[in-house]
Amino acid sequence: MGQVAGKSSVMMEIRTPKTHKAKRVLEKRAPKLVENGKKTLILHGTKTSATVSSVLMELYRLKKGGAIKYSRRNENIRPFESGGETSLEFFSLKTDCSIFVYGSHSKKRPDNLVLGRMYDHHVYDLIEVGIENFKSLLSFSYDKKIAPHEGSKPFICFTGEGFENVQELKQLKEVLTDLFRGEVVENLNLTGLDRAYICTAVSPAKVFLTHCAIKLKKSGTIVPRIELVEVGPSMDLVIRRNRFPNEGLRKEAMKSSKDKPKKKVKNVDQDDVLGKLGRVYIPEQEVGKIPLPDKSKGVKRERREGKVKKNKEEGSASKKLKESE
Amino acid sequence: MDTEMDQIYQIDVGNLLAFNPNHRFSSAPSSREELVKECVTEGTKLVQAIADTLFNFPSTESVDGPLVQLPPPTTKLPREKHLPRPKPPTKWEEFALKKGIQKRKKDKIVYDETTDKFKRRHGYDRVKDDNDIPIIEAKASDEPGEDPFAKRLDDKKKRVDKQQQNRLQNLKSAAKAGALPSHVQLAASALPITGTKAQPKKLGKEELGDVAGLAATSTASGGKFDKKLPGEKPTKKQGKHHRYLPVVPRYGWVDEEKEQTNKVLGKLLSKHSHEILNVGKAINMYNDKKEKKKSGRSDKLKPKKDITKKKPYANKAK
């Protein structure tokens, strides 16, 4: 940190983190070419019904590793109004969350859930759904052995022509994919696949969402036969309001850089004559600390070999005795 | 996007995502359970389709189980943050580019000629340490009364300060282009304390609100119709909060003014009116008032009389 009196009247200070941990946290949150998985912020508004609070709690449980849940009421958050997003953006900045789920309940909009995404910690798009026919995960009874583990990568399935034809459902499909996807991984452990989210467009304005555990059954081929058992919360989502992303913002957000970050390979050189060269570092040999060989009597090679020979002779000798007898 | 034999599903293996755009529900699903069952069966088909491709990938064995390399996801989802912006070149980098100066790597161990040994460049027992110089030869350009050792240290300090300033300017131009390195923050600090100038006190959230409210009342309509910024709270009402009773009572409603006077009269003329007055408290209040009038000012401001102090000629008069 240095205080420098620049030519301007305002003094600027350079602030750098004092600890390595702080530096790593800042670097993790910085904009990167290949991004981390999006974290979800779950909060609720002035009034929530029992349905909404259990939906939010169960959503938090499903997304345990990558979600943050706030338990207090937030009266000044109104996602669809122009001034009501400032708190949301502040929370998003502080917790580094790019998706939020805001639950509320009012007479006009009972059991309301607003799913929204952020770009650069500003609201990108919103979609408001109403919850109907909610069944909590506690109400499903199943064999506990097939219960999905926390943080496992899920299968996501969409059925229905509505998801292709209706704009709002298209947006909902994208938001749900983003919400349930988790981290983008390169290597996947096939034994760790134990959950699936099924979304069906029942009508152009209603989606049935359920969470199932996967049972792998033996089939003739390498590919096992899949059986789904409903375990988790299931609910009907009725589309209410929504806000599409700004076209310009959408174009910017969808931009991706084609090049992969160059991974620095250390200790490898390319030589024109010799080809690929590598460097090997050998640690300093401390002659005083080399472990000496075990010279105890019983362990010596001659002794061991002698013993083996003796056993063989004895064995054959005993055989001879037996034969002779 | 893969195509399957029977039905055309849109599969994105990288995301473990499958979409069946062709399913049409039989016009009226008989009950909710039937609907749920149908949805789950459709879901099973989709998951099976993904698993078909997934399990046919070449797998490597590991401690936890068979590992499979997933292809990159095909569905495009919006980014979380903007792409990292390129940093503008620093002043030195521009100069080096212009002059064609190449970067040269410095060795950690340097040969020290004075002691004929290899010493490290930085740190303990380093080459060219400022504290270890025994002799500085005088030059013709040196002034007679100047300490060359102090001058060396002074020059170094100036160089360091200049470098700090350059660094700040570079960071400022990077911040302008939106490419400030992630671990650095530029903060406007308080003005330095120069002589008798006191540091301006930082205003808190509520104080700012109060000041804004004060400024608003100076407008023609008393700040009532001012445009508020997003997230700004409405002005607090200053002063006493009066509730004025209506002069003419509303039709069908109770006459509140009449009620008020009746209440007071009732209390005074009731059987227990003598019990309303707390006589002890009234006497105390009266006495206090009288004493205050006598003294002329509050007891707290009076210097306390020290009773242990003896008055020198108090007894002599007697």
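All residue numbers refer to positions counted from 1 along the written sequence of the respective chain. Whichever chain is written first becomes A and whichever ligand is written first becomes 1, with later ones labelled in order. Residues qualify for local features only when their pLDDT is at least 70, as the model is predicted, and side-chain atom pairs are given and counted only at 80 or more; totals for whole chains, interfaces and linings, by contrast, use all residues. The side-chain quantities take in all heavy atoms of the structure and omit both hydrogens and water.

Moving on, we come to the overall build of chain A. Counting from the N terminus, the helices are the DSSP runs of H or I reaching at least four residues and the strands are the DSSP runs of E reaching at least two. What chain A contains, in helices and strands, is 7 helices and 14 strands. Any two residues having at least one pair of non-hydrogen atoms within 4.5 Å are treated as being in contact. Considering only residue pairs separated by 6 or more positions, chain A has 64% of its internal contacts joining residues 24 or more positions apart. The Shrake-Rupley method, run with a 1.4 Å probe sphere, supplies the accessible areas, and residue values consider only the shown protein chains as cover. By element, 52% of the accessible surface of chain A is carried by carbon and sulfur atoms, the whole surface being about 20,300 Å².

Glancing now at the state of the cysteines. Residues and elements named next belong to chain A. Working definition: a disulfide is two cysteine sulfur atoms within 2.5 Å of each other. The full count for this structure, using the stated rule, is 0 disulfides over all chains. With no disulfide of its own, Cys157 has Cys199 as its nearest cysteine by sulfur position, at a separation of 8.1 Å. Burial here depends on accessible area, computed with a 1.4 Å probe over protein chains only, as a share of the maximum for the residue type. Under 20% is buried, over 50% is exposed, and the range in between is partly exposed. By relative accessible area, Cys199 is classed as buried at 0%.

Residues and elements named next belong to chain B. Exposure above 30% relative accessible area and no salt bridge define the residues that can form patches, which grow by joining like charges within 9 Å and nonpolar side chains of Val, Leu, Ile, Met, Phe, Trp and Tyr within 5 Å. Basic side-chain nitrogens of Lys or Arg form a salt bridge, by our definition, when they fall within 4 Å of a carboxyl oxygen of Asp or Glu. A surface patch of nonpolar side chains, about 440 Å² in accessible area, is lined by Val264, Leu265, Leu268 and Leu269. By the secondary structure assignment, Leu268 is in helix H5 (residues 256–269). Of the residues examined, Leu268 reaches a relative accessible area of 57% and is grouped as exposed.

This part covers the sheet that holds strand E6 (residues 112–119) of chain A. Strand pairing is assigned whenever DSSP detects at least two bridges linking the two strands. Strand order across the open sheet formed by 11 strands is E4(A)-E3(A)-E5(A)-E6(A)-E7(A)-E12(A)-E11(A)-E10(A)-E8(A)-E2(B)-E1(B), with mixed pairing between neighbours. The open sheet terminates on both sides in strands that have one partner only, identified here as strand E4 (67–73) of chain A together with strand E1 (10–12) of chain B. Mean inter-strand twist for the sheet, computed between neighbouring axes without regard to direction, equals 20°. In the sheet, strand E8 (residues 155–159) of chain A pairs with strand E10 (residues 195–203) of chain A via 5 bridges, with the strands oriented parallel. Bridge pairing in E10 of chain A links Ile156 of chain A to Tyr197 of chain A. Inter-axis angles, ranging from 0 to 180 degrees, are taken between N-to-C directions of lines fitted to C-alpha atoms, where helices are fitted over the stretch in contact. Each of strand E3 (40–44), E4, strand E5 (99–104), E6 and strand E7 (122–135) of chain A is contacted by helix H3 (residues 86–95) of chain A, which is oriented at about 140° to E3 of chain A, the strand it contacts most. Relative to strand E12 (residues 225–243) of chain A, helix H1 (residues 32–55) of chain B is tilted by about 110°, and along the sheet it contacts E7, E8, E10, strand E11 (206–217) and E12 of chain A together with E1 and strand E2 (17–20) of chain B.

Looking now at the environment of Ala187 of chain B. With respect to the element layout, Ala187 of chain B can be found in strand E7 (residues 185–188). The contact partners of Ala187 of chain B, leaving out residues within four places of it in the chain, are Met11, Met12, Glu13 and Arg15 of chain A.

With that settled, the discussion passes to the interface of chain B and chain A. With 65 residues of chain B at the contact, the number on the chain A side is 84 residues. With both chains or domains summed, chain B and chain A bury close to 7,000 Å², and 62% of this area falls on carbon and sulfur atoms. Across the salt bridge formed by Arg32 of chain B and Asp236 of chain A, the nearest N and O atoms sit 3.1 Å from each other. Polar contacts, as counted here, are pairs of nitrogen or oxygen atoms within 3.5 Å of one another; within protein the pair requires one atom able to donate a hydrogen and one able to accept it, and residues that are adjacent in sequence qualify only if both atoms are side-chain atoms. On the surface where chain B and chain A come into contact, there are 28 residue pairs in polar contact (both at pLDDT 80 or more). Taken together, the elements giving at least two residues each to the side of chain B that touches chain A come down to E2, H1, strand E4 (66–69), helix H3 (148–176) and E7 of chain B. A per-element tally of the side of chain B that touches chain A places H1 of chain B first, with 16 residues. The class makeup of the residues in the side of chain B that touches chain A is 35 nonpolar, 19 polar and 11 charged. Where strand E9 (residues 187–189) of chain A meets E4 of chain B, 3 bridges bridge the pair, whose relative direction is antiparallel. Counterpart to Asn187 of chain A in the pairing with E4 of chain B is Gln69 of chain B. What gets called buried area is simply the loss in accessible area from a 1.4 Å probe that two parts show on being joined, summed for both. Throughout this entry, Asp, Glu, Lys and Arg are counted as charged residues, while Ala, Val, Leu, Ile, Met, Phe, Trp, Tyr, Cys and Pro are counted as nonpolar. The remaining residues, Gly among them, count as polar.

Once that is clear, we can look at the sheet that holds strand E3 (residues 59–61) of chain B. Reading across the sheet, the 3 strands line up as E9(A)-E4(B)-E3(B) and stay open at both edges, with antiparallel pairing between neighbours. The open sheet has two edge strands, E9 of chain A together with E3 of chain B, and neither has a second partner. With strand direction ignored, the average angle separating the axes of adjacent strands in the sheet is 35°. Pairing of E3 of chain B with E4 of chain B involves 3 bridges; the strand directions are antiparallel. Residue pairing for E4 of chain B: Thr60 of chain B is matched across the bridge by Leu67 of chain B.

Residues and elements named next belong to chain A. Stacked, edge-to-face and tilted are the three classes for Phe, Tyr and Trp ring pairs, Trp counted by its six-membered ring, which pair at centre distances within 6.5 Å; planes under 30 degrees apart are stacked, over 60 edge-to-face, the rest tilted. This model, assessed by the stated rule, comprises 7 aromatic pairs over all chains. On the basis of an interplanar angle of 85° and a centroid distance of 5.1 Å, the ring pair of Tyr70 and Phe91 is categorised as edge-to-face. Residue Tyr70 is found in strand E4, and its partner Phe91 is found in helix H3; the two are separated by 21 residues along the sequence. The class of Phe91 is buried, set by a relative accessible area of 17%. Three or more aromatic residues link up through ring pairs in this structure, and these residues are Tyr70, Phe90 and Phe91. The aromatic ring of Phe158 is capped on one face by Lys173, whose charged end is 5.6 Å from the ring centroid. The criterion is that NZ of a Lys, or CZ of an Arg, lies within 6 Å of the ring centre and within 35 degrees of the ring normal, and then a charge sits over that ring. Stacked on the ring of Phe80, the Lys or Arg Arg241 has its end atom at 4.3 Å from the ring centre.

Let us now look at the confidence of the model for chain B. Residue and element names in this part refer to chain B. Confidence scores here are pLDDT values: one per residue, from the predictor, ranging 0 to 100. Mean pLDDT for chain B: 83, with 86% of residues reaching 70 or above. Ranking the elements of chain B by mean pLDDT puts helix H6 (residues 273–276) last with 71 and helix H2 (residues 91–99) first with 94. This stretch, residues 1–6, has a pLDDT under 50; its non-local contacts, to residues over four places away or in other chains, come to 11 contacts.

When pLDDT is averaged across chain A, the result is 87; 93% of the residues are at 70 or more. Of the regions scoring below 50 in pLDDT, residues 4–9 of chain A engages in 8 contacts with residues more than four places distant in sequence or in other chains.

What follows deals with H3 of chain B. Residues and elements named next belong to chain B. What a helix is expected to span follows from its residue count: subtract one and scale by 1.5 Å. For H3, which comprises 29 residues, the first-to-last C-alpha distance of 42 Å matches the rise-based estimate of 42 Å (1.5 Å per residue) to within 8%. One side-chain oxygen at the N-terminal end of H3 lies 3.3 Å from the backbone nitrogen of Phe149; it belongs to Asp147. Within two residues after H3, Gly178 carries a phi angle of roughly 75°, on the positive side.

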